[in-house]
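One letter stands for each residue in the lines below.
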Amino acid sequence: MADNAQNPKAQNSGMRNSRIGNQRERTAQLMQRAGYAAVTAALILIAAKLSAWAYTGSVSVLTTLVDSLLDAGASLLNLLAIRHALTPADNEHRFGHGKAEGLAALAQAAFISGSAIFLILQAGERFSNHHVVENSSVGIGVMVFSILTTFVLTRYQHYVVKETGSVAIQADALHYVGDMIVNGVVILALVLGFYFDLPWIDPVFALVISLYILTYAWGVLKKALDMLMDRELNDEERARIEGLILAHDEVLGVHDIRTRISGPDLFIQFHMELDGAISLAQSYDIAEEVDREICQIYPHAEIIVLQEPYGIEVQKNMLKKQNGDKSGEAITDAG
């Protein structure tokens, strides 16, 4: 057996596997830290908003309190899903456990929709029974604190998304960005209600926020279904992958590109056309080079390549067409 130190291909393969292992370990650490940070921030905000609601009695503040309760539950569920999604593939789950993120997102969408409906009912009740908001300055102060806390969290989440490409963390970050907007709207409602004596403004803003939460729930549901139903990457990303494959001088063609996302992993599958006269070892080396080049752009990609002689796909299509024409002729003759 050849010594790996004297075998450049084996050495490069070992270095690549080591690099991928280190990258996955770092990805797991960043995603879990982002999950813990989100849960911690949500618990801090729950305590602050609970105090603000007790002092003000504002239904707008109540909407943000319920939203933070959901944030805590969703972030906790997200954290558990991330931990499970990062579990390595095993004999029963050959493609890993990434779809746990999608299942968690479905549960999040259900919880969020239920809370939005509850808040809509609360806002409707306030339209018929006006409630004077008290201690508006306390509510405003807590909302400002919430915005600052959430801003720090989202900055860290965006950093993690940039480093890992995690769909789960990205969805969580988008949610918290929305929370900052919601908190800003509540500040506006408290200011208008206190300085202009508009008792109806509080439930109106609560209704607007509730509708926003429902819109967000639909976005979460759509992302979850896309993952669970193995939706393809968009055309721009697919064209980029095709360009990376065809950039190799010895690749003569590519077809049947298939992609799907499962948790932190991206699965890419394609047929690569090569010169039929080259050896099996040469075709393997080319596939390894293409794999490595794709992974430089998509570090979390799992790639499945089928090498085939150039032109065989054209022959297959011609044969299908001929068989189809013959079938048509047979049907016509039978008629």
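Below is a short write-up of the structure. No experiment lies behind these values; they were computed from the predicted model shown.

### Quick look at the pattern of salt bridges
Scanning the model with the defined rule gives three salt bridges in all. Notably, a salt bridge pairs Lys 222 with Asp 226, separated by 3.5 Å at the nearest N-O pair. Highlighted residues: Lys 222 and Asp 226, both in helix α6 (residues 201-228), separated by four residues, approximately one helical turn. A salt bridge links Glu 232 to Arg 238; the shortest N-O distance between them is 2.9 Å.

### A short note on the packing of aromatic side chains
Applying the stated criterion across every chain yields a total of one aromatic pair. Arranged with centres 6.3 Å apart and planes meeting at 35°, the rings of Tyr 156 and Tyr 159 form a pair that is tilted. Linking Tyr 156 with Tyr 159, this pair stays in helix α4 (residues 136-164), spanning three residues, or about one helical turn. Judged by relative accessible area, which is 37%, Tyr 159 ranks as partly exposed.

### Thoughts on the pairing of strand β2 (residues 265-274)
A large share of β2 lies buried, amounting to nine of its 10 residues. In this structure, strand β1 (residues 253-262) lies alongside β2, joined through eight bridges in antiparallel fashion. The residue bridging Ser 262 from the neighbouring strand is Asp 265, located in β2. Pairing of β2 with strand β3 (residues 301-309) involves nine bridges; the strand directions are parallel. Looking across to β3, one finds that Leu 274 is bridged to Pro 309. Remark: the β2/helix α8 (residues 280-297)/β3 crossover connection has right-handed handedness.

### So, the sheet that holds β3
Overall, mixed pairing links the three strands, which are arranged β1-β2-β3 in an open sheet. The open sheet has two edge strands with one neighbour each: β1 and β3. Neighbour-to-neighbour, the strand axes of the sheet open up by a mean angle of 10°, direction not taken into account. On the sheet, helix α7 (residues 235-246) packs against β1 and β2 and is oriented at approximately 130° with respect to β1.

What counts as what
- Every chain's residues receive numbers from 1 upward, in the order its sequence appears when written.
- Reporting in this predicted model follows two pLDDT cut-offs: at least 70 for local features of residues, and 80 or more for side-chain atom pairs to be given and counted; totals over whole chains, interfaces and linings ignore these cut-offs and use all residues.
- As a convention, hydrogens and water are excluded, and side-chain values are obtained from all of the structure's heavy atoms.
- The term salt bridge refers to a pairing of a side-chain nitrogen on Lys or Arg with a carboxyl oxygen on Asp or Glu at a separation within 4 Å.
- Going along the chain from the N terminus, every DSSP run of H or I of four or more residues is numbered as a helix, and every run of E of two or more is numbered as a strand.
- Each pair of aromatic rings taken from Phe, Tyr and Trp, with Trp reduced to its six-membered ring, is defined by centres within 6.5 Å and is described as stacked if the planes are under 30 degrees apart, edge-to-face if over 60, and tilted in the remaining cases.
- Relative accessibility thresholds used throughout: buried, under 20% of the residue-type maximum; exposed, over 50%; partly exposed, between the two (1.4 Å probe, protein chains only).
- What makes two strands pair is DSSP finding at least two bridges between them.
- The definition of a right-handed crossover adopted here requires that, viewed with the strands pointing away, the path from the first strand over the helix to the second runs clockwise.
- Axes, fitted as lines to C-alpha atoms, cover a helix only where it is in contact. Angles between the N-to-C directions of the axes lie from 0 to 180 degrees.
- Every residue pair with non-hydrogen atoms within 4.5 Å of one another is taken to be in contact.

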